[in-house]
Amino acid sequence: MSSPIAHWDPEYQRRAATIVERYPDVRSAVMPLLYLASLHHGHVTEEAMEEVAALTGLTAAQVQSVASFYTMYKRERVGRYLVSVCTSISCFLRGADEVLAAVEGATGVVDGETDDEGLFTVEHVECIGACGGAPALQVNYEFVEGVTPAKAAELCRWLRDARPEVVLGDEMQLLFGGRPSFDPGAPEPEGAIAPVPAFGPYGSARPGTGGGR
Amino acid sequence: MADAPDQVSITLDGRVVEVPRGALLIAAAIEAGTYIPHFCWHPRMKPVGMCRMCLVEIDTPRGKMLTTSCTTPVADGMVVETSSPVVKKAQEGVIEFLLINHPLDCPVCDKGGECPLQDQTLAYGPGDGRFVEEKRHYPKPIPISDLVALDRERCILCARCTRFSEEISGDPLIEFVDRGNHVEVNTFPNHPFTSYFSGNTVQICPVGALTARPYRFRARPWDLEAVEAVSTVDSVHSKVSLEASMNEIVRISGVDCDPTNQGWLSDKDRFVYEHLLADDRVVVPLIANGDGFREASWGEAVGLAASRLADLGGAVAGLGGARSTNEDAYVFSRFLRGVVGTPHLDAQLDDGLAPEFAAAVEPRALIDDLDDADAILLWGPDLKEELPVLYLRVRKAATAGAKLVVVHPRRTGLDDVAAHTIRYRPGEGPALLRRLAAGEGDLAEARDALGAGKVVALVGRPGLAEPAELAEAVAAFALTLDDARILPLVRRGNVFGALDMGLAPTLLPGRVSVDDAERRRALAARWGSLPDGVGMGATDILEAAASGRIGALVLLGVDPVRDHPRPDLARRALERAFVVALDLFVTDSTRHADVVLPVAGLGEIQGTVTNLEGRVQKLNRVVPPPGQARPAWSILDDLAAALGSELEADAVEKIFEELATLAPAYEGLTWDRFDWAEGRDGVVVPLEGVTPPLRHVPSDPGLAVVSERPALHLARVLYDDGVLVRHCPSLASLAPEAAAHLHPRDASVLAVREGDRVRLEGVGVVELPVVLDPTLAEGTVYVPFNLAETAALGAVPSVRIDVVREAGS
Ligand code: SF4
Ligand code: FES
Ligand code: FES
């Protein structure tokens, strides 16, 4: 029988094959395959779910169950720029609603929708883990923190005019961001021996030395 | 502390009880008499802890703790509170939560009156809720298949339906979609819930979210009258309750019978009652009149039948009885042999197995043997299509670790749980069997799997075009293994009961060979006389009738034109002979009858039946037969009287008593044994210590190999165009498309593509569209048996294929 993804880009087919091979129980491949299928189709279409079902031996209903559980598997068409505005508690307290309104105004796209041209999709999302830099948003999952309604609108207009091929968090942060949650600094902190464990003894104390807390 | 090693003791609301080690707390408590409310837990499925209704308090080293009793195994010394104030508060909270989005539309809900949510809200709920906001809304209800409707507003997300589909039936077409407050149960768009078992989800849904479309708004549960019976759709005999309202059966529910169906039914078992209410059911005696029939009185019809049978002396034969009760079959056997004086009778139509093998194979397996088998050999029909509840039992055993070896010409419903699947071209079975027995080449692993420990061999005919002897040869091979038992597979309703009642040319009632002189004397003493010698089987009977050597045929619930491998022969026989038919319908066969006598059907009579493992169970009556229909035994009694003989068949209990005296395998049974205690699950015959009946040990018969032409795999499907399904409006539309299935390589040799048409010539000629099936053995054509478009083909080992080319292409 011909492969269910024979019409995919050969590179994607190759990646699908490696994913299928990687898992002894091929059902486990359902999530990476969904991701790949959504790259091929632009989003997780019904066809994509049926293809993943055929590749994994699940039923389409089971694949749909997984795909619909995770909000980052997009089951509707997504624009070239996906603007995700956090509206969870920290961002909400720091004006996320106004940021969202500004984004809607600048893009002309209401929350949860995509414009006809396919340029923007706007959505509100739950906490994206940037509370320290609230209010925060993401463009294609790249962070911009400490934004204001005006800066957010400016960012959207820039996207529309410049149409960057790739969006980079660092670049957007410089142009449109405010105070970020923390400065990652140099990638390798100097003088540190190892990452500080979250729980358990640290410092000079070692387990069994009696000096721990 | 507990004494028995497999018991532990727990304190349940202050009471110390012994419970099985390892049991789930909820099951142990309910078993010990303390009910714990629950929704998602189901004793036949794995727990999920989804609904939180089963919360109890348990003493732990850190104090009392609320926990779900459906996910907690018992431990020795466990102290459990099931109705403390804390537990009650938790239960009230859970109910209040579950009702937040529930529409409370009980007055228009089918489940109302037997709804666990309704009942438990009354018993454990707070009586009021604080949620005043708008509830979730969905269009209600939506059809998710031809049989099931879904109302998502009522769903409490217990996952019983989804777990059933995945864990039990293995076709997860219904699943949760979305998450959080948006979670709903649903199917994939355009992939309806076409499971053969979908009705079970309706039965186990603890609310009215899933309803059966044939039953919707037909009755209120408190108006239903119910009796226990078994499903006679196939020979597994799943336990059911027949539920009637205003003298019509409107619902069949599964009853949990541990040794057989464990609560589950196929949708065919569940919705088959519709045929009883069919408009064209025969409800008055009919006498042939020109091309059709005219209605007649019982006196006239029986008189006519009897006078013609009397004229013909012994040149009479009987066919059928495999869809009747044991009592009907016994009386039929006695009528034919003792009254008419003919040895020619057959319950099968050369579409099953050799009678001695099917009835008396030794050692015979019970269905329960599957559960502790190390390996299961299935060389026979696709169980999902022919014996769906047995399919569930095999699936369960295989999932639990038994090594399943499936041998079949194409993919079967069990392949996904099989350790080894072996395909072969029909006709090449004997050669394959020899290679399997020797463990040659690629069959070595499968042979090894069968070599160790307890083996259950499920043997039957994979397709109707394969010889019955193949099954016996497979059984003979299985008996060369250390510890193997055989379960013979024949589908038709009560075929095993009919054989046990002697409805075969070579058998007398009670699994006795016709040449057992001692038993013959006993029977002749009771019956008055017994014809000499071995009579003819179905095919010979039909040939004799077609050529005039047999002048009359008595048919009891049998449709040879549809079910015999040679439909043309059956038609000629019925056209030529004088035919008396006892049936529910005018069928393709009974339309050729001279007299049609209306018989009562399921739920309209009492009687016993015997399943494929030899389990005798009782059918009860819940409605009167319609019109003038009567039990077959009573009709045969009248016919005998008109022939000047006495059958003494005036009450079903008396007939049962008689057969239990004269049929050795049934010795020791009593009529009311089936009503109480363990007898409710039926009794496997023969009981220990009775007159030993025939014990047939399979032998390896010589088998021919087929020709070079394409082999025919002609196999039954669950929903065919048989008389039952055809008369059930809800099921008739589910029959698959008739097609000739070909392996893609064979198709390319013939230069046909999917959808092209081919003409197949067997006994008759049929024209069918091609479907490509890469799972089919090469050199084979698979055709579903007994669909309207395939009925004429007949069961021949090989067929001729011609491609139908469109003019000009
Ligand atoms: S439909 Fe019924 S069985 Fe299925 S999850 Fe909902 S309540 Fe449970
Ligand atoms: S609340 Fe917005 S990032 Fe956490
Ligand atoms: S029955 Fe235990 S959580 Fe549902």
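Residues numbered from 1 in each chain as written. Chains lettered and ligands numbered in written order. Predicted model: local features only at pLDDT ≥ 70, side-chain atom pairs only at ≥ 80, totals over all residues.

## Regarding helix α7 (residues 298–311) of chain B
Residue and element names in this part refer to chain B.
- For α7, with 14 residues, the first-to-last C-alpha span of 20 Å sits near the 20 Å given by 1.5 Å per residue.
- Among all positions in α7, only Ala301, Val302, Ala305, Ala306 and Leu309 are buried. In a view along the axis of α7, the buried residues occupy a sector of 120 degrees, so they form one face of it. Turned more than 90 degrees off the buried face of α7, the exposed positions are Gly299, Ser307 and Asp311. (Helix = DSSP H or I, 4+ residues; strand = E, 2+ residues; numbered from the N terminus. Expected span 1.5 Å × (residues − 1). Buried ≥ 20, exposed ≤ 12 C-beta atoms within 10 Å, placed from the backbone. Arc of directions from axis to C-beta.)

## Notes on unusual backbone geometry
- For the peptide bond that leads from Ala134 of chain A to Pro135 of chain A, omega is -5 degrees, which places it in the cis range.
- Locating Pro135 of chain A in the fold gives a position in the loop between β2 (120–125) and β3 (136–139).
- With an omega of -10 degrees, the peptide bond between Glu362 of chain B and Pro363 of chain B qualifies as cis.
- For Pro363 of chain B, the location among the structural elements is in the loop between α9 (355–360) and β18 (375–379).
- Although it is not a glycine, Arg163 of chain A sits at a positive phi angle of roughly 45 degrees.
- Along the chain, Arg163 of chain A falls in the loop between α7 (149–162) and α8 (169–176).
- Classification of Arg163 of chain A as exposed rests on a count of 10 C-beta atoms within 10 Å.
- Unusually for a residue other than glycine, Met246 of chain B sits at a positive phi of about 50 degrees.
- Topologically, Met246 of chain B is positioned in the loop between β12 (239–245) and β13 (248–254).

## Considering the domain arrangement of chain A
- One can read the domain layout of chain A as domain 1 (10–69) and domain 2 (81–176).
- Taking the mean C-alpha position of each, domain 1 of chain A and domain 2 of chain A sit 29 Å from one another. (Domains from an automatic or database assignment.)

## Notes on the domain arrangement of chain B
- When the domains of chain B are assigned, the result is domain 1 (7–83), domain 2 (315–352 + 495–684), domain 3 (356–489) and domain 4 (711–804).
- Inter-centroid distance (C-alpha atoms) of domain 1 of chain B to domain 3 of chain B is 40 Å.

## Structural notes on the interface of chain A and chain B
- Across the contact, ten residues belong to chain A and 13 residues belong to chain B.
- A per-element tally of the side of chain A that touches chain B places helix α4 (residues 60–69) of chain A first, with seven residues.
- Here the side of chain A that touches chain B is built from residues that sort into four nonpolar, five polar and one charged. (Contact = placed C-beta atoms within 7 Å. Nonpolar A, V, L, I, M, F, W, Y, C, P; charged D, E, K, R; others polar.)

## Here we look at the sheet that holds β12 of chain B
Residue and element names in this part refer to chain B.
- Ordered in space as β11-β12-β13, the three strands form an open sheet in which the pairing is antiparallel. Strands with a single pairing partner mark the edges of an open sheet, and in this sheet they are β11 (225–230) and β13. Each strand axis lies, on average, 30 degrees off the axis of its neighbour in the sheet, ignoring direction.
- Bridge count between β12 and β13: six bridges; the pairing is antiparallel. The residue of β13 that forms the bridge with Glu243 is Arg251. (Pairing = 2+ DSSP bridges. Axes fitted to C-alpha atoms, helices over the stretch in contact; angles between N-to-C directions.)

## Quick look at the confidence of the model for chain B
- Confidence in the prediction for chain B averages 95 pLDDT; 99% of positions are at 70 or higher.
- For this predicted complex, the interface confidence comes out at an ipTM of 0.87, alongside a pTM of 0.92. (pLDDT = per-residue confidence, 0-100.)

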